[in-house]
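Letter by letter, the chains look like this.
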Amino acid sequence: MSAGRIVDIEEAKTNLSRLEAEAAEGEPFVIARSGEPLVKVVAADAPPAKTAPRLAFMEGQFTIPEDFDRSGAAEIEAMFDRSG
């Protein structure tokens, strides 16, 4: 669901009945003061906003080598080698 339109707080005060009816019908809106968003008004039974799952959001877009946990091991070992 999108944020809907932005309504200045003075307009929201003047037209609250109309705005709340529209929000209840699925037309959310944002109340702003001096152009800064303050609150988003949505229907109480509106489904939650969809977000991408944090894990596996790029699944299938790249592969991880089998030896990724050993990558650069020789270079790292050489940095700590004090024998030579």
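Residues numbered from 1 in each chain as written. Predicted model: local features only at pLDDT ≥ 70, side-chain atom pairs only at ≥ 80, totals over all residues. Heavy atoms only, no water.

Turning next to the overall build of the protein chain. The secondary structure content of the protein chain amounts to three helices and three strands. For the protein chain, the sequential pattern of α-helices and β-strands runs β-α-α-β-β-α. Taken over the C-alpha trace, the protein chain has a radius of gyration of 26 Å; the compact-globule value for 84 residues is 12 Å, which it surpasses by more than 25%. For the protein chain, the C-alpha atoms occupy an extent of roughly 80 × 30 × 15 Å along the three principal directions. (Helix = DSSP H or I, 4+ residues; strand = E, 2+ residues; numbered from the N terminus. Rg over C-alpha atoms; globule rule 2.2 N^0.38 Å.)

This next bit is on the environment of Leu-38. Positionally, Leu-38 belongs in strand 3 (residues 36–41). Taking the C-alpha atoms as reference points, Leu-38 and Ala-56, 18 residues apart in sequence, are found 33 Å from one another.

This part takes up the pattern of salt bridges. A complete count under the given rule lists five salt bridges for this structure. Where Arg-18 meets Glu-11, a salt bridge forms, and the shortest distance between an N and an O atom there is 4.0 Å. For Arg-18, a relative accessible area of 37% gives the class partly exposed. Between Glu-22 and Arg-18 there is a salt bridge, with its nearest N and O atoms 3.2 Å apart. Of this pair, Glu-22 and Arg-18 both sit in helix 2 (residues 16–24), separated by four residues, roughly a single helical turn. Of the residues examined, Glu-22 reaches a relative accessible area of 25% and is grouped as partly exposed. Residues joined by salt bridges that share partners form a network here, namely Arg-5, Glu-11, Arg-18 and Glu-22. (Salt bridge = Lys/Arg side-chain N within 4 Å of Asp/Glu carboxyl O. Buried < 20%, exposed > 50% of the residue type's maximum accessible area, 1.4 Å probe, protein only.)

So, about the environment of Gly-60. Following the sequence through the fold, Gly-60 ends up in the loop between strand 3 and helix 3 (73–80). Taking the C-alpha atoms as reference, Gly-60 lies 36 Å from Glu-27; in sequence the two are 33 residues apart.

Taken in spatial order, the three strands line up as 1-2-3 in an open sheet, and their pairing is mixed. Each having just a single partner strand, strand 1 (5–8) and strand 3 make up the two edges of the open sheet. When the angles between neighbouring strand axes are averaged without regard to direction, this sheet yields 35°. Here four bridges tie strand 1 to strand 2 (residues 29–33), and the two strands are oriented parallel to one another. Its bridge partner lying in strand 2, Val-7 is registered against Ile-31. Of the strands in this sheet, strand 1, strand 2 and strand 3 touch helix 2, which is tilted by about 160° from strand 1. (Pairing = 2+ DSSP bridges. Axes fitted to C-alpha atoms, helices over the stretch in contact; angles between N-to-C directions. Contact = heavy atoms within 4.5 Å.)

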